Amino acid sequence: MKDKLDELRSKAISELDSIDAPSDLDSWRVRYLGRKSALTQVLRGLATLPLEEKRSVGAAANELRAFLEKSLALKEESVRESEVARSIERGRLDVTLPGRPPALGRLHPATQMLRHICDIFLSMGFEVVEGPDVEWEYYNFDALNIPPDHPARDMWDTLWIDFETEDGQRPMLLRTHTSPMQIRVMESRLPPVRVIVPGKVYRYEATDATHEAIFYQIEGFAVDRNITLADLKGTLFEFAKQLFGEERKVRFRCDYFPFVEPGVEMAIDCFACNGAGCSLCSGSGWIEILGAGMVHPDVLRRVNYDPEVYTGFAFGLGVERMSMLKYGIEDIRLFYSNDLRFLRQF
Ligand code: DAH
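## Remarks on the overall build of the protein
Alright, step 1. When you go through the protein residue by residue, the secondary structure sums to eleven helices and ten strands.
Alright, step 2. Its C-alpha atoms give the protein a radius of gyration of 39 Å, clearly above 20 Å, the size a compact globule of 346 residues would have.
Alright, step 3. For the protein, the C-alpha atoms occupy an extent of roughly 115 × 60 × 35 Å along the three principal directions.
Alright, step 4. Taking all 346 residues of the protein together, the buried fraction comes to 41%.
Alright, step 5. When the accessible area of the protein is evaluated, it comes to approximately 19600 Å², of which 51% is carbon and sulfur surface.
Alright, step 6. Each charge class in the protein can be summarised by its mean position, and for the 43 positive and 54 negative side chains these summaries are 10 Å apart.

## Overview of the sheet that holds strand E3 (residues 159–160)
Alright, step 1. Taken in spatial order, the three strands line up as E2-E4-E3 in an open sheet, and their pairing is antiparallel. The strands lining the two open edges of the sheet, one partner per strand, are strand E2 (134–136) and E3.
Alright, step 2. Here E3 runs beside strand E4 (residues 172–174); their pairing, made up of two bridges, is antiparallel. Along E4, the bridge assignment pairs Trp-160 with Leu-173.

## Side note on the nonpolar core
Alright, step 1. The biggest cluster of nonpolar side chains holds 44 residues, and the ones touching the most others in it are Phe-239 and Ile-289.
Alright, step 2. With seven residues, helix H5 (residues 109–123) is the single largest residue contributor to this core.
Alright, step 3. Within the second largest apolar cluster, 28 residues are counted, among which are Ala-143, Val-195, Val-260 and Tyr-310.

## Comments concerning the state of the cysteines
Alright, step 1. Tallying each qualifying case throughout the model produces zero disulfides.
Alright, step 2. Cysteine Cys-270 remains unbridged, with the sulfur of Cys-273 as its closest cysteine sulfur at 3.6 Å.
Alright, step 3. Sulfur of Cys-278: no disulfide; nearest cysteine sulfur belongs to Cys-273 and is 3.6 Å away.

## Side note on the domain arrangement of the protein
Alright, step 1. Domain assignment breaks the protein into domain 1 (2–90) and domain 2 (109–343).
Alright, step 2. Summarising the inter-unit geometry, the C-alpha centres of domain 1 and domain 2 are found 79 Å apart.

## Section: unusual backbone geometry
Alright, step 1. In this chain, Pro-191 is followed by Pro-192 through a cis amide linkage whose omega measures 5°.
Alright, step 2. Here Glu-261 and Pro-262 are connected by a cis peptide whose omega angle stands at 0°.
Alright, step 3. Within the secondary structure, Pro-262 is located in strand E8 (residues 260–269).
Alright, step 4. With a phi angle near 70°, Asp-149 is a residue other than glycine that sits in the positive phi range.
Alright, step 5. Mapped onto the elements of the fold, Asp-149 is located in the loop between helix H6 (137–140) and E3.
Alright, step 6. If you check the backbone angles, Asn-226 has positive phi at about 65° while not being a glycine.

Rules behind the numbers
- Residues numbered from 1 in each chain as written.
- Predicted model: local features only at pLDDT ≥ 70, side-chain atom pairs only at ≥ 80, totals over all residues.
- Heavy atoms only, no water.
- Helix = DSSP H or I, 4+ residues; strand = E, 2+ residues; numbered from the N terminus.
- Rg over C-alpha atoms; globule rule 2.2 N^0.38 Å.
- Buried < 20%, exposed > 50% of the residue type's maximum accessible area, 1.4 Å probe, protein only.
- Areas by Shrake-Rupley, 256 points an atom, 1.4 Å probe, with all protein chains shown as cover.
- Lys, Arg positive; Asp, Glu negative; His and termini not counted.
- Charge placed at Lys NZ, Arg CZ, Asp CG, Glu CD.
- Pairing = 2+ DSSP bridges.
- Core = buried A, V, L, I, M, F, W, Y, C linked by side-chain atoms within 4.5 Å.
- Disulfide = S-S within 2.5 Å.
- Domains from an automatic or database assignment.

Structure follows, in structure tokens:
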């Protein structure tokens, strides 16, 4: 029996050696390892052998099967390799073709604009500070001259946090603007301060082409001795030139924000038509870009800055709005609808 197995081994291996087509490997497998192969017959017949023989023949037959399986696996690999080599020779496989590039990610357009604006103010000596998205009512409203029941609260549609104090008050909210950071920063340091605050803000808002419930703002403010409206105008003029073009003009008009006095709304002359009037500026030649003003004396007093000694300016702008203006994007909802055709343009 042993001899028979040895004979089988040398026959199988010499046949395997001469194979070079994958299909021949299959018939070899059927012949030597298949259900009807001689080896399988020997293994099946083990039960009928006397114990001694069963042991030795069984061990040898199993060893042979393992050996043939391993030889087959090695042969399969080398056949595959020489197939590839032949394809290259025949010119069917062009290994000089460029590979498939992996898809690269990029920064979201709002993030790109946010960083760009921060860079502009950093170059003018401002410092970046961030604040909490969940804010106390006091910082978001009261400290900014917006007491409870004041109609100015209606300017901000508020998302209140479901947190009640012992006396039944609900004093926490998702900040409706980045202005509360004016108070937090001034409370924690002495003038001079020159700070910008980028961050998300939240409004209880029905979305449309120009309104989102969550968007980015950048707040900026500077407080020191002798700061005037001229400093505000000069700073924002420089910002507008850097973002929208060297030849921009700016226009200030009166506006109302409770935490500044006077308050202004700033516009630039339309960069699409240079002030002649077009669809971007609705024919007016001007585009409103942000709100600003001189920090209200009551706000300064609240953080223990003496308004007789210190003055300051503040401004707040919408980041997505700056992108929309600069790139002519007509719907703010595009920023957050995850359409790659939109996002890939930036
Ligand atoms: N916080 C205002 C808003 O969300 C924007 C703003 C206006 C900020 C005037 C200011 C400012 O600092 O002076 O609508």
